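Listed below are the residues making up each chain.
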Amino acid sequence: MKGELETIAKPKLLRIGILQSLSSRHVSRLLGSFRRDNPLVAIEMFDGVGEQLIGLLTDRRVDAILTMFDDDSASKFPSRVLFEEPYVLAVPETHRFARRKSVKLSDLRGEPFIVRPRCDRYHDVADALNSHGVELRVMYKTDQDDRALALVAAGVGLALFPAHFEMPAVKQVVVSDLGLSRAIVLLWARDREGDLKEFIKFAESHSWRYENERKA
């Protein structure tokens, strides 16, 4: 009984770092569902870009991170790949591309763009466009995904995004020759694996549901 009372008085604390470009809807659904199923677990969250999150995990300032997969980080920490998502073209629903199932990179010549310089694969996207003779006509730069999508919806420009987003008045169009995607992975500190066991299982099952929702 004493142990149970101590558990209630001092709930288990998990410190989770989250890639700032992950969908807010996705993150809130994952963490909200986990908290409902595990009410005695407290969660502290930290936003950051990939390098910042790896630094937090290395310094043991967080117990686990949700970030983009790369071979170097996956070789240093225990990991689970949760899901993979392609990069797509975000266009306003009134744009001529919105009525097409796919476009090619060459179709994007002369189009205005909203760019996110701190996007995880920004340089890969820019290189792919340059290799097809497409020079970015930048109308706006922002590190805020919601603002970028709002500007797309307003017709200010197009944007290349991971396919996790849902935004009224914005359509996703496949870029057939882009060939870029990102894998989202959960990495954790090895000495915290016991305390994280339930969260790891939950994150794996949650990502499976998410993928099937997208395919439905």
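Refer to the preceding data block for the structure.
Residues numbered from 1 in each chain as written. Predicted model: local features only at pLDDT ≥ 70, side-chain atom pairs only at ≥ 80, totals over all residues. Heavy atoms only, no water.

Observations concerning the side chain of His95
Going by this rule: Under the scheme used here, helices are H or I runs from DSSP no shorter than 4 residues and strands are E runs no shorter than 2 residues, and both carry numbers assigned from the N terminus. In this analysis, two residues are considered to be in contact whenever any of their non-hydrogen atoms come within 4.5 Å of each other.
Inspection of the secondary structure assignment puts His95 in the loop between strand S4 (79–92) and strand S5 (102–103). When near neighbours in sequence (up to four residues on either side) are disregarded, His95 contacts Glu111 and Leu158.

Examining the side chain of Ser33
Applied cut-off: Throughout this description, a polar contact denotes any pair of N or O atoms lying within 3.5 Å of each other; where both atoms belong to protein, one of them has to be capable of donating a hydrogen while the other can accept it, and for residues adjacent in sequence the pair is counted only when both atoms sit in side chains.
Among the structural elements, Ser33 can be located in helix H2 (residues 24–37). Polar side-chain contacts of Ser33 include one of 2.8 Å to the backbone oxygen of Arg29. Dropping the residues within four chain positions of it, Ser33 is found in contact with Ser28 and Phe202.

Things to note about the packing of aromatic side chains
Applied cut-off: Centre distance within 6.5 Å is the pairing criterion for rings of Phe, Tyr and Trp, where only the six-membered ring of Trp is used; planes under 30 degrees apart are then read as stacked, over 60 as edge-to-face, and the remainder as tilted. Buried means the residue's accessible area, taken with a 1.4 Å probe over protein chains only, is under 20% of the maximum for its type, while exposed means over 50%, and partly exposed covers the values in between. Comment: the charge-over-ring label is applied if NZ (Lys) or CZ (Arg) is within 6 Å of the ring centre and within 35 degrees of the ring normal.
Evaluation of the coordinates by the stated rule reveals three aromatic pairs. A ring pair is formed by Phe34 and Phe202, whose centres lie 5.5 Å apart and whose planes are at 75 degrees; its orientation type is edge-to-face. Of the two residues, Phe34 sits in helix H2 while Phe202 sits in helix H7 (residues 193–215), which places them 168 residues apart along the sequence. Accessibility assignment for this pair places Phe34 and Phe202 in one class, buried. Measuring from centroid to centroid gives 5.6 Å for Phe161 and Phe165, while their planes differ by 65 degrees, and the two rings are edge-to-face. With relative accessibility at 0%, the residue Phe161 sits in the buried group. Taking relative accessible area as the criterion, Phe165 reaches 6% and is therefore assigned buried. Taken together through their ring pairs, the aromatic side chains of Phe34, Phe199 and Phe202 make up a single cluster. Sitting over the face of the ring of Phe97, Arg96 holds its NZ or CZ atom 4.6 Å from the ring centroid. Positioned above the aromatic ring of Phe161 is the side chain of Arg116, whose terminal nitrogen or guanidinium carbon lies 3.9 Å from the ring centre.

So, unusual backbone geometry
Although it is not a glycine, Arg60 adopts a positive phi angle of roughly 60 degrees. Given a relative accessible area of 38%, Arg60 falls into the partly exposed group.

Focus on helix H5 (residues 122–131)
Put simply, the test is: Each C-beta atom gives one direction from the helix axis, and the arc is the one those directions make.
Buried within H5 we find Val125, Ala126, Ala128 and Leu129. For H5, the angular spread of buried residues about the axis comes to 160 degrees, placing them on one side. In H5, the exposed positions angled more than 90 degrees off the buried face are occupied by His123, Asn130 and Ser131. Backbone geometry just downstream of H5 places Gly133 in the positive-phi region, at approximately 70 degrees.

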